[in-house]
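# Examination of the molecular architecture
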Amino acid sequence: MRPAAAACDDGVPITARGVLRTRAGEDDVTELANPMASAAERDNGPGQPDFIEVYPGALDVAACVALIERFRASRDSQPGRVGGGVMPELKDSRDLTLAGRAEWRDVEAQLNTAVFGGVLRYLRRYPHTLIAPLMLETPDNDGKRHRLTAERLAAMDDAELAPIVKTVLRPGAINLQHYTAGRGGYPYWHCELFPRDSQAETLHRHLLWTIYLNDDFDEGETEFLYQQRKIAPRTGALLIAPAAFTHTHRGNRPKGGDKYIATSWVLFQRAEQLFANG
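A brief structural summary. (Residues numbered from 1 in each chain as written. Predicted model: local features only at pLDDT ≥ 70, side-chain atom pairs only at ≥ 80, totals over all residues. Heavy atoms only, no water.)

With that out of the way, let us pick up the overall build of the protein. Helix and strand counts for the protein stand at seven helices and 17 strands. Residue burial in the protein is summarised as follows: out of 278 residues, 50% are buried. Taken as a whole, the protein presents about 13,300 Å² of accessible surface, with 51% of it coming from carbon and sulfur. (Helix = DSSP H or I, 4+ residues; strand = E, 2+ residues; numbered from the N terminus. Buried < 20%, exposed > 50% of the residue type's maximum accessible area, 1.4 Å probe, protein only. Areas by Shrake-Rupley, 256 points an atom, 1.4 Å probe, with all protein chains shown as cover.)

Below, the structure written as structure tokens:
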């Protein structure tokens, strides 16, 4: 899976200055027995979190259909790339990157809005996604700054939590991807976190996400190696999972029909922005 993101409605991160201080510091899922798990781990039974979440209906069916039609009509798609370039033996797709394309700004905003809603839900289940990497402080009712804990985060409504999230996280470039039936796919086991350039953008990836735009095909699951889970595509569903090697995954080939997805990442804001005030 390539691309991912958390974002503001218009795809531009919003900084909630003065709000936060940082200091360094279902039926759509197939679960398989994990042959790599220890006996003790297997004995823990169901209910152990694996940090893979699927949110049905993140994008409505009509929007998905319209997006596929618009993607098909575009002449701007390119052969899908991996970190090392175009390697169809690893990833066989046609991709369209939305960043920098004025004519796709409305779709970018629509997808980022849907994903941000999912990210808020994800953070409520896994609050340390936000608070473990950084020692965050936010004002409380007494007007003083206090450490942001899981308990305090749980007590916040979305209006209070959203600007904090947007201060810490930002959206990645969104890719639309088309996988041809019986041929297309991303069968190479991979993760989303790797060094690539001097700006280290790819090392800022925190979460991955995918919205499935159709499901009129067989197989084509997103399969996670260590969790031994296959996520079956459902039109409009949003998948969110960690970007690192712990969630190594692949995109299985669709059969009987083509597969379309939108995908990207949620990235940390860069350090020069997070720590701009010292």
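Still more to cover.
On to the packing of aromatic side chains, then. Describing an aromatic ring pair means giving the distance of the ring centres and the angle of the ring planes. Counting across every chain of the model gives three aromatic pairs. Between Phe-71 and Tyr-260, the aromatic rings sit 6.0 Å apart at their centres with planes inclined by 80 degrees, giving edge-to-face as the arrangement. In this pair, Phe-71 sits in helix H2 (residues 61-73) while Tyr-260 sits in strand E17 (residues 259-268), placing the two residues 189 residues apart along the sequence. The burial state of Phe-71 is the same as that of Tyr-260; both residues are buried. Pairing Tyr-122 with Tyr-126 gives two aromatic rings, centres 4.8 Å apart and planes at 55 degrees, and the pair type is tilted. By the burial criterion, Tyr-122 is buried, and Tyr-126 matches it. (Phe/Tyr/Trp six-rings, centres within 6.5 Å; stacked < 30°, edge-to-face > 60°.)

Here the focus is the side chain of Arg-205. Looking at the element boundaries, Arg-205 is found in strand E10 (residues 205-212). For Arg-205, the side chain forms a polar contact with the main-chain oxygen of Glu-192, separated by 2.9 Å. (Polar contact = N/O pair within 3.5 Å; in protein donor to acceptor, adjacent residues only side chain to side chain.)

To continue, consider the packing of helix H3 (residues 105-125) against helix H6 (residues 158-168). It is the contact of H3 with H6, at a shortest axis distance of 11 Å, that shows an interaxial angle of 100 degrees. Between H3 and H6, the angle is such that the two are roughly perpendicular. In this structure, H3 uses Phe-116, Val-119, Leu-120, Leu-123 and Arg-124 to contact H6, whose residues at the interface are Asp-158, Leu-161, Ala-162, Val-165 and Lys-166. Across the contact of H3 with H6, the residue classes tally to seven nonpolar, no polar and three charged. (Axes fitted to C-alpha atoms, helices over the stretch in contact; angles between N-to-C directions. Parallel < 35°, antiparallel > 145°, perpendicular 65-115°, else oblique. Contact = heavy atoms within 4.5 Å. Nonpolar A, V, L, I, M, F, W, Y, C, P; charged D, E, K, R; others polar.)

As a further point, take the pattern of salt bridges. Within this structure, the stated rule accounts for 16 salt bridges. A salt bridge links Arg-250 to Glu-223, with the nearest nitrogen and oxygen atoms 3.1 Å apart. Taken together, the positions of Arg-250 in strand E15 (residues 249-251) and Glu-223 in strand E12 (residues 222-224) put the pair 27 residues apart, joining distant regions of the chain. Residue Glu-223 is classed as buried on the basis of its relative accessible area of 9%. Glu-272 serves as the salt-bridge partner of Arg-270, at 2.9 Å between the closest nitrogen and oxygen. Bridged by salt links that share partners, the residues Arg-170, Glu-201, Arg-270 and Glu-272 form one connected network. (Salt bridge = Lys/Arg side-chain N within 4 Å of Asp/Glu carboxyl O.)

Bringing the environment of Gln-228 into the picture now. Residue position: Gln-228 is located in the loop between E12 and strand E13 (229-231). Judged by relative accessible area, Gln-228 falls into the buried class, the value being 15%. Through-space distance from the C-alpha of Gln-228 to that of His-249 is 9.5 Å; in sequence the pair is 21 residues apart. In terms of polar contacts, Gln-228 uses its side chain to reach the backbone carbonyl oxygen of Leu-225, at 2.7 Å.

Once that is clear, we can look at the environment of Arg-75. On the secondary structure map, Arg-75 appears in the loop between H2 and strand E3 (78-79). Take Arg-75: its relative accessible area is 83%, and that puts it in the exposed class. For the pair Arg-75 and Leu-96, spaced 21 residues apart in sequence, the C-alpha separation works out to 9.3 Å.

A separate point is the nonpolar core. Leu-111, Leu-130, Val-165, Leu-176, Trp-209 and Ile-211 are the most contacted members of the largest nonpolar core, which has 47 residues in total. Elements represented by at least two residues in this core include exactly H2, H3, helix H4 (128-131), helix H5 (150-155), H6, E10, strand E14 (238-242) and E17. Per-element accounting of this core gives the leading share, nine residues, to H3. Setting aside residues no more than four positions away along its own chain, Ile-211 makes contact with Leu-59, Leu-111, Ala-114, Val-115, Gly-236, Ala-237, Leu-238, Ile-261 and Ala-262. (Core = buried A, V, L, I, M, F, W, Y, C linked by side-chain atoms within 4.5 Å.)

As a further point, take the pairing of strand E4 (residues 94-97). Alignment of E3 against E4, held across two bridges, turns out to be antiparallel. If you follow Pro-79 over to E4, its bridge partner there is Arg-94. When E4 meets strand E8 (residues 175-179), the two strands line up antiparallel, connected through four bridges. Opposite Thr-97, over in E8, you have Asn-175 as the bridge partner. (Pairing = 2+ DSSP bridges.)

On to the side chain of Asn-175, then. Tracing the sequence through the fold places Asn-175 in strand E8. Side chain to side chain, Asn-175 and Thr-97 meet in a polar contact 2.6 Å long.

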